[in-house]
Amino acid sequence: MYAQGVDDLFSTPDDTVADEQDESSSEEAPDEEGHDPSITDGSADGDFVDIEELLTSDGPRISGNFSFLAGGVVSLSTWETEDWIEPSNVLVVNPVASSSATLSFDVQPSSYYGFSAELATDLDSANLRYTNPEVTELYFDYTLLGAISSRVGLQPIAWGRGQVLGNSGNIISEAASSFTVKSSIPLGNANLTLVAFSNEDLLSNEGLNQAGYGFQLETAFSELAIGLNAVYRAPDPVRSGFYAKSTFASIDITNEVVADLSLNRDSGDWSIGITNTLTSFWEYVPWGLLLFVEYKTVGTIGEDWEHEAGLAALFNGIKPFGWRMGYQLIHRFNDAAGQFIPGFTREILPMVSLDIAFPISYGNELSAISSEYLPDQKSAAAVILTARIGSSFE
């Protein structure tokens, strides 16, 4: 997500979602006459595969990144002033440290097939040791006739359009940590994605019974883009989603609905849970401003509904004294509670940045401030100061 707490305050829109949604755009687009440049004309007898290209390799590409963060947190556990008589009861001071590294390997012998793998490790702050490298991606790509692309293995996959209040439209989230087979099929002006995934042994009856299946159909008409998807995995309820996106006066507006259809096998009653998220995005280039505003409604038909609103703003062009600014506000209407997070970041040395955030909770019940650095998820307020060093290569 663009911003869902302190840790993501200065991040750009979700890279995973963007990669998944724009994956098809990485292929060469058909020309004005509708000819796909990735498909060769072939000879007179109808050969479609360019054998010379198939046997020509661009060589492997290796990329990666490394980051290390250290700092401290001072948090206030309550707004009740009578408890402030004993500061040790309400003020908590904690050091924080984290580090991570990834190494990616990608080989694309031709436009028809390729192979990718990624290893990742994190720092265990308890004993200051890095975890054993974990395979986070391992998949094989194949494109049939330059049109139908398939990907098999452990791969990044995400749907949904939510940016501030959680990506509730990502109904395919389980597939991201599973062995997954995904195919994208162009259908005229539309694109159909088919997905099958499982965490179990696919060759066993249990694996086949617990496998999940999903599809997503997307198309566009002028300024309007729409998408329909669904996922089923026994014994979970059927999940389906629909979104529509358009632009009005330079503002991108998206409405996304997710429905969870479940059956109570004892009573035979059906229930339908609905999550509706309305997202607007505005970019003001002179200020380098990225502004997201969201409104979410969650509930079950026939029962009470919950309402939540969120705002996230990132200023890339306005930097007072060299500090880049980011803000996030989340408000829950049902219990009149929420959180406000202003933050600032600045590069103080090459590859070294200093981050400061001031998360504040308010309302009848304290909101959970989302950050791995806070010792108490019910903190009323906090000051987080961290220094971050990081680099990437490719």
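Residues numbered from 1 in each chain as written. Predicted model: local features only at pLDDT ≥ 70, side-chain atom pairs only at ≥ 80, totals over all residues. Heavy atoms only, no water.

J.: Report on the overall build of the chain, specifying residues and quantitative values.
T.: Helix and strand counts for the chain stand at 4 helices and 20 strands. A buried classification covers 38% of the 394 residues belonging to the chain. About 21900 Å² of surface is accessible on the chain, with carbon and sulfur atoms providing 59% of the total. (Helix = DSSP H or I, 4+ residues; strand = E, 2+ residues; numbered from the N terminus. Buried < 20%, exposed > 50% of the residue type's maximum accessible area, 1.4 Å probe, protein only. Areas by Shrake-Rupley, 256 points an atom, 1.4 Å probe, with all protein chains shown as cover.)

J.: Outline the packing of aromatic side chains, listing residues and values.
T.: A complete count under the given rule lists 8 aromatic pairs for this structure. Ring centres of Tyr327 and Phe340 lie 6.5 Å apart, and the angle between their planes is 10 degrees; on these two criteria the pair is classed as stacked. Pair noted here: Tyr327 is in strand β16 (residues 324-332) and Phe340 is in strand β17 (residues 337-349), with a separation of 13 residues, a long-range link. The exposure class assigned to Phe340 is partly exposed, which follows from its relative accessible area of 33%. Following the ring pairs from residue to residue traces out a cluster consisting of Phe315, Tyr327, Phe340 and Phe344. For Arg161, the ring lying beneath its charged end belongs to Tyr243, and the centroid distance is 4.3 Å. (Phe/Tyr/Trp six-rings, centres within 6.5 Å; stacked < 30°, edge-to-face > 60°. Lys NZ or Arg CZ within 6 Å of the ring centre and 35° of its normal.)

J.: With reference to specific residues and values, describe unusual backbone geometry.
T.: The phi angle of most residues is negative, glycine excepted, and most peptide bonds adopt the trans form. For Leu128, which is not glycine, the phi dihedral falls at a positive 55 degrees. The exposed category is assigned to Leu128, whose relative accessible area is 62%. A positive phi angle is found at Met351, which is not glycine, with a value near 70 degrees. Following the sequence through the fold, Met351 ends up in the loop between β17 and β18 (352-357).

J.: Which residues make up the pattern of salt bridges, and what values go with them?
T.: Close approach of charged atoms allows side chains with opposite charge to pair. With the rule as written, the count across this model stands at 7 salt bridges. Salt-bridge contacts for Arg61 lead to Asp106; the nearest nitrogen and oxygen are separated by 2.4 Å. One end of the pair, Arg61, is in strand β1 (residues 60-76); the other, Asp106, is in strand β2 (residues 91-107), and 45 residues separate them in sequence. Take Asp106: its relative accessible area is 19%, and that puts it in the buried class. The partner of Arg151 in a salt bridge is Asp141, with the nearest N and O atoms 2.7 Å apart. With Arg151 in strand β6 (residues 148-154) and Asp141 in strand β5 (residues 134-144), this pair connects stretches of sequence that are 10 residues apart. (Salt bridge = Lys/Arg side-chain N within 4 Å of Asp/Glu carboxyl O.)

J.: Give a description of the pairing of strand β11 (residues 238-248) that names residues and reports values.
T.: Pairing of strand β10 (residues 224-233) with β11, which is carried by 7 bridges, proceeds in the antiparallel orientation. Its bridge partner lying in β11, Leu228 is registered against Phe242. Counting the residues in the hairpin turn of β10 and β11 gives 4 residues. (Pairing = 2+ DSSP bridges.)

J.: Mind laying out the environment of Ile301, listing which residues take part and the relevant values?
T.: Looking at the element boundaries, Ile301 is found in the loop between β14 (289-300) and β15 (305-315). A C-alpha to C-alpha distance of 6.0 Å links Ile301 and Ile272, two positions 29 residues apart in sequence. Apart from residues no more than four positions distant in its own chain, Ile301 is found in contact with Ile272 and Ile274. (Contact = heavy atoms within 4.5 Å.)

J.: Which residues make up the side chain of Asp260, and what are the values?
T.: Tracing the sequence through the fold places Asp260 in strand β12 (residues 251-263). Residue contacts for Asp260: discarding those within four places in its chain leaves Val238, Arg239, Ser271, Ile272 and Gly273.

Honestly, that's just the spatial picture; any functional story needs more than this.
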